[in-house]
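These are the residues of each chain, in order.
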Amino acid sequence: DYTVRRFLLTEDNALNMEIAVELIRVTGASVDCAVNGLEAVEMFMASPAGFYDAIFMDVQMPVMDGYTATRKIRASGHPDAKAIPIIAMTANTFTEDIDAALASGMNGHIAKPVDVRALYQIIAEFLEARPF
């Protein structure tokens, strides 16, 4: 069922993941979770075209960091690889951190701890650009 918004959340901290999942589910969306960048890449690659509406990507994770995972997703042959919004979720909020996220292929940046209004605003912005 592709009428429900579906997001892939990549976060290695269990508490941060739980909070983000609840904040996103309030919007009526479904959330799939990955605990590191490699798992996120594998889940995205296994998904059919149009399955995920956006990916929320932690930057600092074990196994594979968010920048590397984003580059792998963007370079993949998946039909959504170039277009899917990928949003960094990180405590690193300096200009150079935001620039690094964008340079890796991410479309946006949300600071942690997550500001609820900023999260909902970025979801609305990217989903407006990606209508059903």
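Presented here is a report on the structure given in the accompanying data block.

What counts, and at which threshold
Residues numbered from 1 in each chain as written. Predicted model: local features only at pLDDT ≥ 70, side-chain atom pairs only at ≥ 80, totals over all residues. Heavy atoms only, no water. Helix = DSSP H or I, 4+ residues; strand = E, 2+ residues; numbered from the N terminus. Rg over C-alpha atoms; globule rule 2.2 N^0.38 Å. Pairing = 2+ DSSP bridges. Axes fitted to C-alpha atoms, helices over the stretch in contact; angles between N-to-C directions. Contact = heavy atoms within 4.5 Å. Expected span 1.5 Å × (residues − 1). Buried < 20%, exposed > 50% of the residue type's maximum accessible area, 1.4 Å probe, protein only. Arc of directions from axis to C-beta. Polar contact = N/O pair within 3.5 Å; in protein donor to acceptor, adjacent residues only side chain to side chain. Salt bridge = Lys/Arg side-chain N within 4 Å of Asp/Glu carboxyl O.

1. Focus on the overall build of the chain
Turning to step 1, where the next piece is worked out: In terms of regular secondary structure, the chain is built from five helices and five strands.
Turning to step 2, where the next piece is worked out: Ordered by position from the N terminus, the helices and strands of the chain form the series β-α-β-α-β-α-β-α-β-α.
Turning to step 3, where the next piece is worked out: Against the 2.2 N^0.38 benchmark of 14 Å for 132 residues, the chain shows a C-alpha radius of gyration of 13 Å, consistent with a compact globule.
Turning to step 4, where the next piece is worked out: Taking the principal axes of the C-alpha coordinates as reference, the chain spans close to 35 × 30 × 25 Å.

2. Let's talk about unusual backbone geometry
Turning to step 1, where the next piece is worked out: Omega for the peptide link from Lys 112 to Pro 113 comes to 0 degrees, which places this bond in the cis form.
Turning to step 2, where the next piece is worked out: With respect to the helices and strands, the residue Pro 113 is situated in the loop between β5 (108–111) and α5 (116–128).

3. A word on the sheet that holds strand β2 (residues 30–34)
Turning to step 1, where the next piece is worked out: Sheet architecture is open: five strands sit in the order β2-β1-β3-β4-β5, paired in parallel fashion. The open sheet has two edge strands with one neighbour each: β2 and β5. The sheet shows a mean angle of 25 degrees between the axes of neighbouring strands, taken without regard to direction.
Turning to step 2, where the next piece is worked out: Examined bridge by bridge, strand β1 (residues 6–10) and β2 share five bridges and lie parallel to one another. Note on β2: the bridge partner recorded for Arg 6 is Ser 30.
Turning to step 3, where the next piece is worked out: Taken strand by strand, helix α1 (residues 14–25) contacts β1, β2, β3 (54–58) and β4 (86–90), and its axis lies near 160 degrees from that of β2.

4. Some remarks on α1
Turning to step 1, where the next piece is worked out: Compared with the 16 Å implied by 1.5 Å per residue over 12 residues, the 16 Å span of α1 between its first and last C-alpha is a close match.
Turning to step 2, where the next piece is worked out: Considered for burial, the residues of α1 that qualify are Met 17, Ala 20, Val 21, Leu 23 and Ile 24. Buried residues of α1, viewed axially, fall in a sector of 165 degrees; they line one side. Of the exposed residues in α1, those oriented more than 90 degrees away from the buried face are Ala 14, Leu 15 and Glu 18.
Turning to step 3, where the next piece is worked out: Where α1 begins, one side-chain oxygen reaches toward the backbone nitrogen of Leu 15, 3.0 Å away; that side chain belongs to Asn 13.

5. Quick look at helix α2 (residues 37–46)
Turning to step 1, where the next piece is worked out: Among the residues of α2, Gly 37, Ala 40, Val 41 and Phe 44 are the ones counted as buried. Down the axis of α2, the smallest arc covering the buried residues is 100 degrees, so these residues share one side.
Turning to step 2, where the next piece is worked out: The N-capping residue of α2, defined by a side-chain oxygen 3.0 Å from the backbone nitrogen of Leu 38, is Asn 36.

6. Regarding the pattern of salt bridges
Turning to step 1, where the next piece is worked out: Per the counting criterion, the structure on display carries four salt bridges.
Turning to step 2, where the next piece is worked out: Residues Arg 5 and Asp 53 are paired through a salt bridge, measuring 3.0 Å at the closest nitrogen-oxygen approach. Placement of Arg 5 in the segment before β1 and of Asp 53 in the loop between α2 and β3 is noted, with a sequence separation of 48 residues between them.
Turning to step 3, where the next piece is worked out: In this structure, a network of salt bridges that share partners links the residues Glu 11, Asp 58 and Lys 112.

7. Section: the side chain of Ser 104
Turning to step 1, where the next piece is worked out: With respect to the helices and strands, Ser 104 occurs in the loop between α4 (95–103) and β5.
Turning to step 2, where the next piece is worked out: Residues contacting Ser 104, with those up to four places away along its chain left out, are Tyr 67, Thr 70 and Arg 71.

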